[in-house]
Amino acid sequence: MEATLGLEIIEVVEQAAIASARLMGKGDKNEADRVAVEAMRERMNKIYMRGRIVIGEGERDEAPMLYIGEEVGICTDPNAKNFCNPEELLEIDIAVDPCEGTNLCAYGQPGSMAVLAISEKGGLFNAPDFYMNKLAAPAAAKGKVDIRKSPTENLKILAECLDRSIDELVVVVMKRDRHDELIKEIREAGARVRLITDGDVSAAISCAFSGTNIHALMGIGAAPEGVISAAAMRCLGGHFQGQLVTDPAVVRTKEWANKTKEENVARLKEMGITDPDRVYETEELASGQTVLFAACGITPGTLMEGVRFFHGGARTQSLVISTQSRTARFVDTIHMFEQPRRLQLR
Ligand code: VTB
């Protein structure tokens, strides 16, 4: 699977990032998302694979493209047997976020990227559209920090694992009212907080790379993004745990304004999730034997450059990782738009 897909999925995220980047700073997040979705879908449908979207733009009735359950790839054609070899007919599951951090892109802020994760069928947790409490940390702390412990305890463990003092640690937290207590506790424990307005996938993955000066991600973001982060952490050996949030008193959103915790728990039960408090480990969120993850920067971020346009082309930076390859491959690409190509490469 990896050999066939590795290079192609880089192009999928590159195309989505380029499309979104054209709308960078234009203030229209929906449009930045729409064009990324379209570009990602178009490129994905040129790949010799039989894919199914398991995390995407929403349910079929609310998303015209890349909805949950949509089949993508050339080998989903009814006549695929005639032009796809059996290996390419292997069914794979795909989680996409074509413009992760739409606000960041729309307002020209750092940290937005096009991302996707792939695994064999059943290899990615079909996360409900809920919130998720998350804990991400470097590989050295994997299995030692625990989301069930207090942030203070986890910071002590993290400091030990990383052989530094707590005040040398940086924790990324999304700037939301729901995190006021968390932020206070992290600061009181002595660590430093880096507040972000959006984009917790990038923050989670950054924990797995030393040199980013990000040592943990704590707090509540979206569950689907949690699965995508877990897929990357599975490949990198980093720590990631997630726990669904059901209490509307914890996350005050418009959508949950008239919902009770009991109703949310009942909704999860309908989806087959009987233990709403379960802590999901990385290996459960991304359980596949083979997991692939790819991302391309839209705006500049901790790990990747953003898209840079110039006359006749653009330059992108992507990251591709997998459970098989034992590499984290950063790919720097110059895209030549013009025909004939008269770009001078330097
Ligand atoms: C979360 C986070 C994402 O949007 O989904 C956030 O996981 C939305 O959170 O990375 P709120 O509903 O609290 O605003 C992102 O930041 C970007 O998609």
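Because the structure is a prediction, the values reported are computed rather than measured. (Residues numbered from 1 in each chain as written. Predicted model: local features only at pLDDT ≥ 70, side-chain atom pairs only at ≥ 80, totals over all residues. Heavy atoms only, no water.)

With respect to spatial proximity, 13 residues lie near the ligand, and among them Glu 100, Tyr 131, Asp 198, Gly 199 and Asp 200 are the closest. The side chain of Tyr 131 places a nitrogen or oxygen atom 2.5 Å from an oxygen atom of the ligand. Backbone polar atom of Gly 199 to an oxygen atom of the ligand: 2.8 Å apart, as the coordinates give it. Considered on its own, the ligand offers 420 Å² of accessible surface; in the complex 78% of this is hidden by protein. Broken down by secondary-structure element, the contributors of at least two residues to the shell around the ligand are β5 (131–137) and β8 (216–222). Along the lines of polarity and charge, the residues of the shell around the ligand split into three nonpolar, three polar and seven charged. (Near = heavy atom within 4 Å. Polar contact = N/O pair within 3.5 Å; in protein donor to acceptor, adjacent residues only side chain to side chain. Areas by Shrake-Rupley, 256 points an atom, 1.4 Å probe, with all protein chains shown as cover. Helix = DSSP H or I, 4+ residues; strand = E, 2+ residues; numbered from the N terminus. Nonpolar A, V, L, I, M, F, W, Y, C, P; charged D, E, K, R; others polar.)

Scanning the model with the defined rule gives 15 salt bridges in all. The salt bridge partner of Lys 46 is Glu 42, with a shortest N-O separation of 3.8 Å. Judged by its relative accessible area of 53%, Glu 42 falls in the exposed class. Glu 188 is the salt-bridge partner of Lys 184, the closest N and O atoms lying 4.0 Å from each other. Of this pair, Lys 184 and Glu 188 both sit in helix α5 (residues 180–189), four residues apart, roughly one helical turn. (Salt bridge = Lys/Arg side-chain N within 4 Å of Asp/Glu carboxyl O. Buried < 20%, exposed > 50% of the residue type's maximum accessible area, 1.4 Å probe, protein only.)

Per the stated rule, a full pass over the model turns up four aromatic pairs. With a centroid separation of 5.5 Å and 65 degrees between ring planes, the pair formed by Phe 130 and Trp 256 is classed as edge-to-face. Of the two residues, Phe 130 is situated in the loop between β4 (113–120) and β5 and Trp 256 in the loop between β9 (239–245) and α8 (261–270); the sequence distance between them amounts to 126 residues. We classify Phe 130 as buried; its relative accessible area is 2%. For Trp 256, a relative accessible area of 6% translates into the label buried. Among the aromatic residues, those joined into a cluster by ring pairs are Phe 130, Tyr 131 and Trp 256. (Phe/Tyr/Trp six-rings, centres within 6.5 Å; stacked < 30°, edge-to-face > 60°.)

Another point: the nonpolar core. Core analysis: the largest hydrophobic core is formed by 49 residues, its most contacted members being Ile 205, Leu 244, Leu 285 and Phe 293. Looking at which element gives the most residues to this core, the answer is helix α7 (residues 223–236), with eight residues. If sequence neighbours within four positions are ignored, Ile 205 has contacts with Met 113, Ala 232, Met 233, Leu 236, Phe 293 and Leu 303. Listed in part, the 39 residues of the second largest apolar core include Met 40, Leu 116, Ile 298 and Ala 314. (Core = buried A, V, L, I, M, F, W, Y, C linked by side-chain atoms within 4.5 Å. Contact = heavy atoms within 4.5 Å.)

What follows is about the state of the cysteines. Considering all chains together, one arrives at one disulfide under this definition. Summary of cysteine pairing: Cys 99 is not part of a disulfide, and the nearest cysteine sulfur, belonging to Cys 105, is at 4.5 Å. You can see Cys 296 has no disulfide; the closest cysteine sulfur is in Cys 99, sitting 11 Å from it. For Cys 296, a relative accessible area of 0% gives the class buried. (Disulfide = S-S within 2.5 Å.)

With that settled, consider unusual backbone geometry. Its identity is not glycine, yet Asn 213 carries a phi of approximately 60 degrees, on the positive side. The residue Asn 213 is located in the loop between α6 (200–206) and β8 in this model. Positive phi is not limited to glycine here, since Arg 326 has a value of about 55 degrees. Residue position: Arg 326 is located in the loop between β13 (313–322) and β14 (328–336). The exposure class assigned to Arg 326 is exposed, which follows from its relative accessible area of 81%.

A few words on the packing of helix α4 (residues 151–161) against α5. Where α4 contacts α5, the axes come no closer than 9 Å and their chain directions differ by 40 degrees. Put simply, α4 runs oblique to α5. For the element pair α4 and α5, the recorded crossing hand is right-handed. Residues Pro 151, Thr 152 and Leu 155 of α4 pack against Leu 182, Glu 185, Ile 186 and Ala 189 of α5. (Axes fitted to C-alpha atoms, helices over the stretch in contact; angles between N-to-C directions. Parallel < 35°, antiparallel > 145°, perpendicular 65-115°, else oblique. Left-handed = near helix turned anticlockwise from the far one by under 90°.)

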